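# Observations on the model geometry
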Amino acid sequence: MSLIVMKFGGSSVGDAERMKRVANRVVETQRNGNQCVVVVSAMGDTTDDLIDLTKQISTETPPTREMDMLLSTGEQVSVALLSIAIHSLGQSAVSYTGWQAGMYTEAVHGKARITDIKPERVLNALDQGNVVIVAGFQGMTEEGEITTLGRGGSDTTAVALAAAIKADVCEIFTDVDGIYSTDPRVVKCARKLPEITYDEMLELANLGAAVLHPRAVEYAKNYNVPLVVRSSFNHNAGTNVKEEAAMEQGIVVRGIASDKNVARISILGVEEKPGQLAKVFTALASAQIDVDIIVQSGVLHGLADFSFTVALTDKDSALGVIEGIRSEVGFREVTSQENLVKVSIVGAGMVSTPGVAAKMFETISDLGLSINMVSTSEIKTSCVIDNTRLNEVIQALHTAYGLDTDQQAFVGGPSDRR
């Protein structure tokens, strides 16, 4: 008997028919001799619909506590309906909200992190022969306040719960049947990956691949939870996410991701002296603004320019923070740029293969595009470019690295220390 955590996203339970399809799949898994814990997201566009309702109620920004109270109801509807569907198939089931399942979080509304899981109630229900259905995306503080985990939080709920109950596997069911070398809606000949490492998946998730949430991959890596990403609409083999993955012959770059939520901020004419950068980025961190790529140009007449990227949704907040420390830092001006995209290549084989980054730069250049910023690590290279020809860039890179189905793989070129 295996203990399996099965997570179904909003599209998988988007209507009554899909809900019944999920129920049949869960019951089939249970009756094959397994114990099943099911984590479910809100149905379809429920969360977005609830957010739209708040805009009809008030033009002011709602209190974050009340938004958590509101948005957490979407998953509560899903778990109850799925439990009813499973009961109709003759299998006992019990549904729990996040707090009933023992999910404790920090006291941050809207994007709380899990601090502890007390799964006794879940384990007791399993021992009684039930399918246990848990609402994703939500938890409770030690003081009893309802919190939500932010977008993608149901993935995190599933993996964290799998770690807490020592599940044999955590299966993430989506509307695609695995992890692909890039978005198959953009590149029709993208290849499905049979397996991928935690590190590669974490990079892809952080860089814009929306199949798994980065925090969920972090949990899986930290607690060595075997992950499988597969389709809720068929029984095809999915993609295994694990500590070590076999390299396909000649495949250096495993995947290509893109992120349109990018803005560049440049601070010009900063006096070159110790502590200036620390003041800027400490202030941004205090405002909960994540900074990605940072580039400093040369110093001229004792003044330096530097640029960095933030999420486009954080741009205005970041500009406000910087203006707020103008008297402390002393700079000539601050500018910002939108209409950018970050495109990235990821692969564990990059560190030992020369010419990988050079091939990326060459491919983008051949399309007549300029690269605004570059960031590298052992297993990824990211370029910030104009967003007008993103799909064309992704297709060209996919071909350049031999990722098109049945294509000869890229095997390296002149050394560029990548």
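Residues numbered from 1 in each chain as written. Predicted model: local features only at pLDDT ≥ 70, side-chain atom pairs only at ≥ 80, totals over all residues. Heavy atoms only, no water.

Check the secondary structure of the protein and you find 12 helices and 18 strands. Once the C-alpha set of the protein is aligned to its principal axes, its extents read approximately 75 × 55 × 35 Å. Taken across its 418 residues, the protein has 51% of its residues classed as buried. Of the roughly 18,800 Å² of accessible surface on the protein, a fraction of 49% belongs to carbon and sulfur atoms. Mean positive and mean negative side-chain charge positions of the protein (36 and 52 charges, respectively) differ by 2 Å. (Helix = DSSP H or I, 4+ residues; strand = E, 2+ residues; numbered from the N terminus. Buried < 20%, exposed > 50% of the residue type's maximum accessible area, 1.4 Å probe, protein only. Areas by Shrake-Rupley, 256 points an atom, 1.4 Å probe, with all protein chains shown as cover. Lys, Arg positive; Asp, Glu negative; His and termini not counted. Charge placed at Lys NZ, Arg CZ, Asp CG, Glu CD.)

With that settled, consider the UniProt feature "domain: ACT" (unreviewed entry) in the protein. UniProt tags residues 265-348 as "domain: ACT" (unreviewed entry). Annotated as 30% helix and 46% strand, the span residues 265-348 places its first and last C-alpha atoms 31 Å apart. (UniProt positions renumbered as here; feature names shortened; annotations may be inferred.)

With numbering matched to this structure, UniProt assigns "binding site: ATP" (unreviewed entry) to Lys7, Phe8, Gly9, Gly10, Thr174, Asp175, Tyr180 and Arg185. In summary, the annotated positions, distributed over 179 residues, remain apart in three dimensions as well, the widest C-alpha pair reaching 23.0 Å. Mapped onto the elements of the fold, Gly9 is located in the loop between β1 (3-8) and α1 (16-31). On the basis of relative accessibility, which here comes to 10%, the residue Gly9 falls in the buried class. Not counting the four nearest positions on each side in its chain, Gly9 is found in contact with Ser41 and Phe173. Tracing the chain through its elements places Thr174 in strand β9 (residues 169-174). (Contact = heavy atoms within 4.5 Å.)

Next up on the list: the pattern of salt bridges. Oppositely charged side chains can pair when the atoms bearing their charge come close. Using the criterion set out here, one finds 19 salt bridges in the structure. Two residues, Lys242 and Glu195, come together in a salt bridge whose shortest N-O distance is 3.0 Å. Residue Lys242 is found in strand β12 (residues 239-242), and its partner Glu195 is found in strand β10 (residues 195-197); the two are separated by 47 residues along the sequence. Judged by relative accessible area, which is 32%, Lys242 ranks as partly exposed. Using a relative accessible area of 15% as the deciding quantity, one classes Glu195 as buried. (Salt bridge = Lys/Arg side-chain N within 4 Å of Asp/Glu carboxyl O.)

Once that is clear, we can look at the packing of aromatic side chains. Tallied over the full model, the rule gives four aromatic pairs. With 6.0 Å between their ring centres and 50° between their planes, Phe281 and Phe306 make a pair best called tilted. Separated by 25 residues along the polypeptide, Phe281 in helix α8 (residues 276-286) and Phe306 in strand β15 (residues 303-310) bring together distant segments of the chain. For Phe281, a relative accessible area of 18% translates into the label buried. Judged by centre distance (5.3 Å) and plane angle (75°), the ring pair of Phe281 and Phe308 falls under edge-to-face. Here Phe308 lies in strand β15 and Phe281 lies in helix α8, a separation of 27 residues in the sequence. Both residues of the pair, Phe281 and Phe308, belong to the buried class. The ring centre of Tyr104 lies 4.6 Å from the NZ or CZ of Lys118, which sits over that ring. (Phe/Tyr/Trp six-rings, centres within 6.5 Å; stacked < 30°, edge-to-face > 60°. Lys NZ or Arg CZ within 6 Å of the ring centre and 35° of its normal.)

Of all hydrophobic cores here, the largest spans 45 residues; its most connected members are Val5, Val37, Cys170 and Met201. Aside from chain neighbours lying at most four places away, what touches Val5 is Val37, Val39, Ala158, Ala162, Ile165, Ala167, Val169, Cys170 and Glu171. In terms of nonpolar packing, the next biggest core, distinct from the first, is built from 24 residues, Val27, Ala85, Val169 and Val228 among them. (Core = buried A, V, L, I, M, F, W, Y, C linked by side-chain atoms within 4.5 Å.)

Either a parallel or an antiparallel arrangement is found when strands of a sheet pair, and the pairing is made through backbone hydrogen bonds. The strand order across the open sheet built from six strands is β14-β15-β13-β16-β18-β17, with neighbouring strands paired in antiparallel fashion. Here the strands that pair on one side only, and so sit at the sheet edges, are β14 (291-300) and β17 (373-377). Neighbour to neighbour, the strand axes of the sheet diverge by 25° on average, direction disregarded. This element, helix α11 (residues 356-366), spans β16 (333-346), β17 and β18 (380-386) of the sheet and lies at about 15° to β18. (Pairing = 2+ DSSP bridges. Axes fitted to C-alpha atoms, helices over the stretch in contact; angles between N-to-C directions.)

We now examine the pairing of strand β6 (residues 131-135). Strand residues, when the strand is regular, have side chains that alternate between the two faces of the sheet. Within β6, five of the five residues are buried, which leaves the element mostly enclosed by the surrounding structure. The pairing of strand β2 (residues 35-40) with β6 spans four bridges and is parallel. By the bridge assignment for β6, Val37 is matched with Val132. By the bridge criterion, four bridges tie strand β3 (residues 93-96) to β6 in an arrangement that is parallel. Pairing of Ala93 across the sheet is with Val131, part of β6.

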